[in-house]
Amino acid sequence: MCSSDLINGGTIDDIVEEARQAKEFGAHTFWSSQIFGHDALTALAIVGREVPGIELGTAVVPTYPRHPWVMAQQALSTTAAINSRGAGGLCLGIGLSHQVVVESMWGLSYAKPVRHLREYLSVLMPLLEGQPVKFEGEEYRVQGGLDARGSSRPSVVVAALGPQMLRVTGALADGTSTWCVGPKVLEDLTIPTLRQAAADAGKADPRVVCALPVCVTDDVAASRARASQVFAV
């Protein structure tokens, strides 16, 4: 498993080369975040055509600025782009982002995040499965379907941390994607809550993608100083 650090600080060619190196080193999945640089799904559509044979994943695309219909349409288009070259499939990781970003930068309300996620997945998942949607909620009122030729249904994981978010994720999505979550929280909260919600909904055991920052170095002091700077926020 390898995560790109160039999605926000490199060119598309840089990202493609990073994915190519990850595959050569034996990584079976290549993940891209989405912060304030390139659009992750657009970049991975190109990566998938240039570097076939490795699973691609987003960790994660924010939900608030992207209507679930648009998210489904772009994700299906991405799978269509990579399918023709025999890539290893797409795992669509989505998440709410953070209140300071949603409200202060995008000017949107973060008032009901659990309701937002539940409604979002209620629209997104059927569209990804090729089913028409007729949904009436508080945030979304959606009717219709999509027909993206050559596409396939990506798996969907959600950046979920608290119990309510995990229960919604387990019931409606395919798993979760964590960032800087340690083994105790995974064992005591994340995995059992997610599995129980999936079982209650009659779903298979969910996938748990655990992402952690890793640095291989012979200069520990410099690495600690860099980590302190990067994670100060």
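In case you missed it, the structure is sitting above this.
Throughout, residues of each chain are indexed from 1 in the direction in which the sequence is written. Note on the predicted model: pLDDT of at least 70 is required for a residue's local features to be given, and 80 or more for side-chain atom pairs to be given and counted; whole-chain, interface and lining totals, by contrast, use all residues. The basis for the side-chain values is all heavy atoms of the structure; hydrogens and waters are excluded.

J.: Can you help me understand helix α6 (residues 163-172) in this one?
T.: In an α-helix, one turn spans 3.6 residues, which is why side chains three or four residues apart end up on the same side. Only protein chains enter the area calculation, which uses a 1.4 Å probe; residues under 20% of their type maximum are buried, those over 50% are exposed, and those in between are partly exposed. Numbering of helices and strands runs from the N terminus; a helix is a DSSP stretch of H or I covering at least four residues, while a strand is a stretch of E covering at least two. Among the residues of α6, those classed as buried are Met 165, Leu 166, Val 168, Thr 169 and Gly 170. Two residues qualify as a contact provided that any one of their heavy atoms is within 4.5 Å of a heavy atom in the partner residue. Buried positions along α6 lie against α5 (113-128), β8 (155-158), β9 (175-179) and α7 (183-200).

J.: Can you help me understand the pairing of strand β6 (residues 133-136) in this one?
T.: In summary, the side chains of a regular strand alternate between the two faces of the sheet. Taking every second residue as pointing to the same face, the buried face of β6 carries Val 133 and Phe 135, while none of Lys 134 and Glu 136 on the other face is buried. The pairing of β6 with strand β7 (residues 141-144) spans 4 bridges and is antiparallel. Its bridge partner being in β7, Val 133 is matched across the sheet by Gly 144. For two strands to pair, DSSP has to find at least two bridges joining them.

J.: Can you help me understand the packing of helix α1 (residues 12-24) against helix α2 (residues 40-50) in this one?
T.: Helix-helix packing is described using two parameters, namely the angle between the two axes and the distance between the axes. Angles shown run from 0 to 180 degrees and are taken between the N-to-C directions of axes, each axis being a line fitted to C-alpha atoms and, for helices, limited to the stretch in contact. At a minimum axis separation of 9 Å, α1 and α2 run at an interaxial angle of 50°. On the basis of their axis angle, the class for α1 and α2 is oblique. Of the two possible hands of crossing, α1 and α2 adopt the one that is right-handed. Along its contact with α1, which presents Ile 12, Ile 15, Val 16, Ala 19 and Arg 20, the element α2 presents Ala 43, Ile 46, Val 47 and Glu 50. Asp, Glu, Lys and Arg are counted as charged, while Ala, Val, Leu, Ile, Met, Phe, Trp, Tyr, Cys and Pro are counted as nonpolar; the rest, among them Gly, fall into the polar class. Residues that form the contact of α1 with α2 fall into these classes: 7 nonpolar, no polar and 2 charged. Here roughly perpendicular refers to angles of 65 to 115 degrees, roughly parallel to angles under 35, roughly antiparallel to angles over 145, and oblique to all remaining angles. Here is the rule for handedness: rotate from the far helix to the near one, and if that takes an anticlockwise turn smaller than a right angle the crossing is left-handed, while a clockwise turn gives right-handed.

J.: What am I meant to see in the packing of aromatic side chains here?
T.: Any two aromatic rings considered together are summarised by their centre-to-centre distance and by the angle between their planes. Geometry of aromatic contacts follows a simple scheme: Phe, Tyr and Trp rings, the Trp one being its six-membered ring, pair when their centres are within 6.5 Å, and the pair is stacked under 30 degrees between planes, edge-to-face over 60, tilted otherwise. In this structure the tally under the stated criterion is 3 aromatic pairs. When the ring of Tyr 64 is compared with that of Tyr 110, the centres are 5.5 Å apart and the planes differ by 40°; the resulting orientation is tilted. A residue pair is termed long-range when its members are at least 10 positions apart, and Tyr 64 in the loop between β4 (61-62) and α3 (68-83) and Tyr 110 in the loop between α4 (99-105) and α5 qualify at 46 residues. Both residues of the pair, Tyr 64 and Tyr 110, count as buried. Pairing Tyr 120 with Tyr 140 gives two aromatic rings, centres 6.0 Å apart and planes at 75°, and the pair type is edge-to-face.

J.: Just to check I follow, could you spell out α7 for this structure?
T.: Here the expected length of a helix is defined as 1.5 Å per residue gap, with one fewer gap than residues. With 18 residues, α7 should cover 26 Å at 1.5 Å per step; its first-to-last C-alpha distance of 24 Å lies within 8% of that length. Fitting axes to the seven residues that end at a residue and to the seven that start at it, the angle between those axes gives the bend at that residue. At Thr 190, α7 shows its largest kink, close to 30°, and the proline Pro 192 lies no more than four residues downstream. Looking only at α7, the buried set comprises Leu 186, Thr 190, Thr 193, Leu 194, Ala 197 and Ala 198. Where α7 ends, the next residue or the one after it, Gly 202, has phi of about 75°, a positive value.

J.: Looking at this model, I keep getting lost on the state of the cysteines. Mind explaining?
T.: A covalent bond bridging the sulfur atoms of two cysteines is what the word disulfide describes. When the sulfur atoms of two cysteines come within 2.5 Å, that pair is taken as a disulfide. Following the criterion strictly, the structure yields 0 disulfides and no others. Counting only cysteine sulfurs, Cys 210 is the nearest neighbor of Cys 91, a cysteine outside any disulfide, at a range of 14 Å. The thiol sulfur of Cys 180 is not disulfide-bonded, and the nearest other cysteine sulfur, from Cys 210, lies at 9.0 Å.

J.: Mind showing me how you'd approach the side chain of Glu 119 here?
T.: Topologically, Glu 119 is positioned in helix α5. When charges are counted, neither His nor the chain ends are considered; positive counts come from Lys and Arg and negative counts from Asp and Glu. When a carboxyl oxygen of Asp or Glu is within 4 Å of a side-chain nitrogen of Lys or Arg, the pair counts as a salt bridge. Of the side chains with opposite charge, Arg 115 comes closest to the buried, unpaired Glu 119, at an N-O distance of 4.5 Å. For Glu 119, the residues in contact, after removing those within four places along its chain, are Phe 135, Gly 137, Glu 138, Glu 139 and Tyr 140.

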